[in-house]
Amino acid sequence: MKLISYNLRKHRAVGELEGLVETHGADVLCLQEADTEAIPAQIAGLRLADSTSRNRLGLAIYYRANTFTALEVMSMALKKSMHDRVLKPAEERMLGVRLHDIDHSREFIVASFHAAPLTALNSLRRHQIRAALAELSALGDQLPILMLGDYNYPVFKEHLGQRVREAGFELNLSDTRTYTRYRFFRGHYDFATSVGFDIDRITTLPQGLSDHLPILVTADLTAMNGRAR
């Protein structure tokens, strides 16, 4: 299974999506900072599962309809940073969808996530990540979960990884940095958090019009359609 996650930088990179999906054969596409009123119902054979509706710039998830069936979707407002309270850029920072694999008759959960910006503390972002993962766990009893997106967590990732493991998940970074806009803030921002998945590799794709680089996640469900926490 191939999944792409991309922060579009205020929707600027939306024109690149069709080419990315076709070039890399993506089965699932997770977006952040998308103008959800302007996104299409389909992109290169992928169908829109859902998008957030209360954000100025929101989240969206697309899936390959001849491979998967979307069973249930959910969005979630997470604990707000001061930036969120003043500028109100994002009410909903997590969007999840429960998918059914048609050929293998199994279910799993994929989510698009966008943490609070760098003006917030890492402790707030950790709180958002924990809350998002807990909510996704409630979407399907013991189903595999894969949450992709912009975690806005460039430093002290070891601490974050430890906290994620304590919650029963694994944190995976891509092969090279995913954010290049500001010299002192360059690094890995876009991650994958998972349970019940074997992550083969995460590749940072070439930069386009966004300040974030898209990531390509190659993953397989573990042998059992469930998970041991």
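A brief report on the enclosed structure follows.

Calculation criteria
The numbers attached to residues start from 1 for each chain and follow its sequence in the written order. In keeping with the model being predicted, local features are shown solely for residues with a pLDDT of at least 70 and side-chain atom pairs are shown and tallied solely at 80 or more, while totals for entire chains, interfaces and linings include all residues. To get the side-chain values, all heavy atoms of the structure are used, and hydrogens and water are removed first. Strand pairing follows a simple DSSP-based rule, namely that at least 2 bridges must link the two strands. The numbering of helices and of strands both runs from the N terminus, where a helix is a DSSP run of H or I of at least 4 residues and a strand a run of E of at least 2. For helices, the fitted axis covers only the stretch in contact; all axes are lines through C-alpha atoms, and the angles between them, taken along N-to-C directions, range from 0 to 180 degrees. By definition in these notes, contact holds between two residues if any of their heavy atoms fall within 4.5 Å. Within this scheme a cavity is a closed region of a 1 Å grid, computed over the protein atoms alone, that accommodates a 1.4 Å probe without allowing it to escape, whereas a pocket is open but has protein on both sides within 12 Å along at least five of seven lines; lining residues each have an atom within 4 Å of a point. Grid points are joined across faces, edges and corners, and a volume is the space filled by probe spheres set on the points. Classification used: nonpolar for Ala, Val, Leu, Ile, Met, Phe, Trp, Tyr, Cys and Pro, charged for Asp, Glu, Lys and Arg, polar for all others including Gly. Aromatic rings from Phe, Tyr and Trp, taking only the six-membered ring of Trp, are treated as a pair when their centres fall within 6.5 Å; an angle between ring planes under 30 degrees marks them as stacked, one over 60 as edge-to-face, and anything in between as tilted. Between buried and exposed lies partly exposed: a residue is buried under 20% and exposed over 50% of the maximum accessible area for its type, with that area taken using a 1.4 Å probe on protein chains only. Crossover handedness is defined here as right-handed if the route from the first strand over the helix to the second strand goes clockwise, with the strands pointing away from the viewer. The arc in question is the one traced by the directions running from the helix axis out to the C-beta atoms.

**Comments concerning the sheet that holds strand β7 (residues 94-101)**
Stage number 1. Strand order in the open sheet formed by six strands is β6-β7-β8-β9-β11-β10, with mixed pairing between adjacent strands. Edge positions in the open sheet fall to β6 (68-76) and β10 (170-172), since each of these has one partner strand only. Pairs of neighbouring strands in the sheet enclose a mean axial angle of 20°, with direction left out of account.
Stage number 2. Here β6 pairs with β7 via eight bridges, running antiparallel. Residue A70 lies in a different strand from β7, and its bridge partner there is L99.
Stage number 3. Contacts between helix α3 (residues 122-139) and the sheet are confined to β6, β7, β8 (106-114), β9 (145-150) and β11 (190-195), with β7 contributing the most and set at about 30° to the helix.
Stage number 4. The sheet strands contacting helix α4 (residues 157-166) are β10 and β11, and the helix crosses β10 at an angle near 145°.

**Structural notes on empty space enclosed by the protein**
Stage number 1. One pass over the full model with this rule turns up two cavities of 30 Å³ or more.
Stage number 2. The volume enclosed by the largest cavity comes to roughly 40 Å³.
Stage number 3. If you trace the largest cavity, you find it lined by R126, I129, R130, L133, L160, R163, V164 and A167.
Stage number 4. Contributing elements (two or more residues each) for the lining of the largest cavity: α3 and α4.
Stage number 5. Among the elements that make up the lining of the largest cavity, the one with the highest residue count is α3 (four residues).
Stage number 6. Of the residues assigned to the lining of the largest cavity, the class counts are five nonpolar, no polar and three charged.

**Quick look at the packing of aromatic side chains**
Stage number 1. Counted according to the given criterion, the structure contains five aromatic pairs.
Stage number 2. Centroid distance F68 to F108: 5.4 Å. Interplanar angle 80°. Geometry classified as edge-to-face. Of this pair, F68 sits in strand β6 while F108 is found in strand β8, placing the two residues 40 residues apart along the sequence. Per residue, the accessibility class of F68 equals that of F108, and both read buried.

**A look at the pairing of strand β2 (residues 28-34)**
Stage number 1. Of all seven residues in β2, seven are buried; the element is thus mostly enclosed.
Stage number 2. Pairing of strand β1 (residues 2-7) with β2 involves five bridges; the strand directions are parallel. Bridge pairing links N7 to Q32 in β2.
Stage number 3. For the handedness criterion, the β-α-β arrangement of β1, helix α1 (residues 17-24) and β2 is classed as right-handed.

**Considering α1**
Stage number 1. Among the residues of α1, L17, L20 and V21 are the ones counted as buried. Buried residues of α1 fall within an arc of 95° about the axis and therefore sit on the same side. What points out from α1, more than 90 degrees from its buried face, is the exposed set E22 and T23.
Stage number 2. The secondary structure elements touched by the buried residues of α1 are β1, β2, β3 (42-43), β4 (46-51) and β5 (58-64).
Stage number 3. In the stretch just after α1, G25 is the one whose phi turns positive, near 60°.

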